[in-house]
Amino acid sequence: MPSFDAVCEADLVEVRNAVDNAAKEIGTRFDFKGTSAGIELKDKEITLFGDAEFQLDQVEDLLRNKLTKRNVDVRFLDKGKVEKIGGDKVKLVIKVRNGIESELAKKIQRLIKDSKIKVQASIQGDTVRVTGTKRDDLQGAIALLKKDVTDVPLSFNNFRD
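What comes next is a walk through the structure. If you're wondering where the values come from, they're calculated on a predicted model, not measured in any experiment.

**Considerations on the sheet that holds strand 1 (residues 3-7)**
Backbone hydrogen bonds are what pair the strands of a sheet, in a parallel or an antiparallel way. A sheet is described by the order of its strands in space; here four strands give the open sequence 6-7-1-8, paired in antiparallel fashion. Taken across any chain shown, the strands that pair with only one partner, and hence form the sheet edges, are strand 6 (119-124) and strand 8 (155-160). Here the average twist between neighbouring strands, direction ignored, is 20°. Here strand 6 pairs with strand 7 (residues 127-132) via six bridges, running antiparallel. Of the residues in strand 7, the one forming a bridge with V119 is G132. Of the strands in this sheet, strand 6 and strand 7 are in contact with helix 3 (residues 102-114), which crosses strand 6 at around 170°. Helix-sheet contacts for helix 4 (residues 135-148) involve strand 1, strand 6, strand 7 and strand 8, and the interaxial angle to strand 8 is about 175°.

**Points about the pattern of salt bridges**
Two side chains that carry opposite charge are able to pair once their charged atoms sit near each other. By the definition in use, this model includes 13 salt bridges. As a salt-bridge pair, E45 and K95 come within 3.4 Å of each other at their nearest N and O atoms. A residue pair is termed long-range when its members are at least 10 positions apart, and E45 in strand 3 (residues 45-50) and K95 in strand 5 (residues 90-96) qualify at 50 residues. The partly exposed category is assigned to E45, whose relative accessible area is 33%. Of the residues examined, K95 reaches a relative accessible area of 43% and is grouped as partly exposed.

How each quantity is defined
- Residues numbered from 1 in each chain as written.
- Predicted model: local features only at pLDDT ≥ 70, side-chain atom pairs only at ≥ 80, totals over all residues.
- Heavy atoms only, no water.
- Pairing = 2+ DSSP bridges.
- Helix = DSSP H or I, 4+ residues; strand = E, 2+ residues; numbered from the N terminus.
- Axes fitted to C-alpha atoms, helices over the stretch in contact; angles between N-to-C directions.
- Contact = heavy atoms within 4.5 Å.
- Salt bridge = Lys/Arg side-chain N within 4 Å of Asp/Glu carboxyl O.
- Buried < 20%, exposed > 50% of the residue type's maximum accessible area, 1.4 Å probe, protein only.

Shown next as structure tokens:
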């Protein structure tokens, strides 16, 4: 039975490369000399450091540019709140999304069911498996998801006949 998986996975190697490039540029830029501006990646969390919120915005913009150059969708980033860390220094934690949350998976499942396309969607952990009898129906389901789910970057893999 033909099927495919709808997933939300960032290329973590490219994310690490983008963070490393941003850290290197922060070290060499004139406007960041002598400040506490910095960036680091641990597991799936990117932490930005700065002297003020304005500087955090500059570091975040730099990171977004580096991610875009490496073809990583910035919709993978889940921005937290700015926190004070002693003195006048601030930090911002950005989580890299990996996997589909349960409410989004339910929304995808409902969307496919309401579309009257002859396919079935089942939630399997952090992926949504869509199965059907015809390949054309599966391609229609992919087109439907690309059109209607725009807040997260979905990718489709394991397309099987």
